[in-house]
Amino acid sequence: MTVTTNRLRIAIQKSGRLSQDSQALLTNCGLKINLREQRLIAHVENMDIDLLRVRDDDIPGLVMDGVCDLGFVGENVLEEVSLQRQLDNESYDYTVLARLDFGGCRLSIAVPQEEDYQSIKDLEGRTIATTYPRLLNRYLKQKGVNCRIVNLKGSVEVAPRAGLADAICDLVSTGATLEANGLKEVEVIYRSKAVLIQRRDLADEKQLKLIKKLMPRIQGVMQANESKYIMLHAPRARLQEVIALLPGAENPTLLPLAGNDDLVALHVVSSETLFWETMEQLKGLGASSILVLPIEKMME
Ligand SMILES: Nc1ncnc2c1ncn2[C@@H]1O[C@H](COP(=O)(O)OP(=O)(O)OP(=O)(O)O)[C@@H](O)[C@H]1O
Ligand SMILES: O=P(O)(O)OC[C@H]1O[C@H](OP(=O)(O)OP(=O)(O)O)[C@H](O)[C@@H]1O
Ligand SMILES: [Mg+2]
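So, how was this worked out
- Residues numbered from 1 in each chain as written.
- Chains lettered and ligands numbered in written order.
- Predicted model: local features only at pLDDT ≥ 70, side-chain atom pairs only at ≥ 80, totals over all residues.
- Heavy atoms only, no water.
- UniProt positions renumbered as here; feature names shortened; annotations may be inferred.
- Helix = DSSP H or I, 4+ residues; strand = E, 2+ residues; numbered from the N terminus.
- Near = heavy atom within 4 Å.
- Polar contact = N/O pair within 3.5 Å; in protein donor to acceptor, adjacent residues only side chain to side chain.
- Areas by Shrake-Rupley, 256 points an atom, 1.4 Å probe, with all protein chains shown as cover.
- Nonpolar A, V, L, I, M, F, W, Y, C, P; charged D, E, K, R; others polar.
- Domains from an automatic or database assignment.
- Donors = N, O, S within 2.8 Å, 3.2 Å for Na, K, Ca; no water.
- Buried < 20%, exposed > 50% of the residue type's maximum accessible area, 1.4 Å probe, protein only.

The protein chain is annotated in an unreviewed UniProt entry as ATP phosphoribosyltransferase from Rheinheimera soli. Listed in UniProt under the heading Cofactor (unreviewed entry), the comment for the protein chain reads: "Mg(2+)".

## Thoughts on the environment of Gln281
When you line up the elements, Gln281 lands in helix α8 (residues 276-284). Taking C-alpha positions, Gln281 is 55 Å from Asp65, a pair spaced 216 residues apart along the chain.

## Re the site of ligand 1
Among the 16 residues in the neighbourhood of ligand 1, the closest are listed as Gln13, Arg17, Arg55, Asp57 and Asn76. Take Arg17: an N or O atom from its main chain is 2.8 Å from an oxygen atom of ligand 1. Asp56 places a side-chain nitrogen or oxygen 2.9 Å from an oxygen atom of ligand 1. In the complex, the protein chains occlude 76% of the 630 Å² of accessible area that ligand 1 would expose alone. Per-class residue counts for the shell around ligand 1 are five nonpolar, seven polar and four charged. Two domains share the shell around ligand 1, each providing at least three of its residues, namely domain 1 (8-103 + 194-224) and domain 2 (105-192).

## Some details on the coordination of the magnesium ion (ligand 3)
Four donors placed tetrahedrally about a metal ideally form angles of 109.5 degrees, and six donors placed octahedrally ideally form angles of 90 or 180 degrees. In the first shell of the magnesium ion (ligand 3), the protein supplies Asp56 (OD) and Asp57 (OD), at 2.1 to 2.2 Å from the metal. By relative accessible area, Asp56 is classed as buried at 17%.

In structure tokens, the structure reads:
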């Protein structure tokens, strides 16, 4: 590629399911992003980074062709584009730097609710509408089922009602879209999360150094997201029982309470969230002033 810039180029979805989370992750990593709604490129003011804001479908190709150095994209799109590029004899090289904690969804086959569905064999010879023809084709081949695949870029869920297909293969998260369209999920064919990918042939020392700086921050933000800071007052006499109830609290900090020898303050960073049930059990042991706080950043 002949793009001559030393600034690291990161492709992110312009508007959609991954935009906010990708941007928030970068912001939490300390990037000051100068965003103007309509701009294709957003400058990062405090680091040599530019964000390219594009359709998510274009992100794998931009990274594979070396136009962008990094990209935030769903594994579903990444895998679909990779399969298509293999077929077209185009390069499909990339490195996954991190699997992220957002964009979780599954690619599933769904049929009309009233259909008596037993197995994938029921779809032999039928028509399935999807935005992911390559992933669907791979799955059907594995199962030895022949179907006609109709490629739709949007509104896939209305295809059966519109008489365009017998079934669909689309992304599902809560299942609300399927339900609203009178469909039921019958096969999960792919489970996806957002990932951060890097172009394989990246060689610029300065850019590699920047990525090396960024990665521990990304890991730190994700770790902080799933961790909680727990504080409570526990009766000294039941300390061992209290500690046993707290997830990941092997080495809590214990602090004396002024004017009260029976109670002790306990602080701990927990890798899991504290459920209401556990809080009620803690209370049952005599614990009080239980606080569960979010953690913004972490570095070990
Ligand atoms: N309901 C969902 N819950 C969580 N993640 C989802 C959900 N739907 C999609 N995703 C993930 O987010 C990605 C982007 O979804 P979105 O619906 O914004 O795509 P799009 O409509 O193709 O957007 P674009 O205009 O950028 O092409 C998907 O490829 C998938 O990885
Ligand atoms: O199972 P659910 O929680 O209902 O989520 C699934 C829906 O989410 C996505 O679309 P999105 O809402 O991002 O809109 P889009 O179809 O315009 O991309 C996806 O394409 C499904 O339609
Ligand atoms: Mg898209």
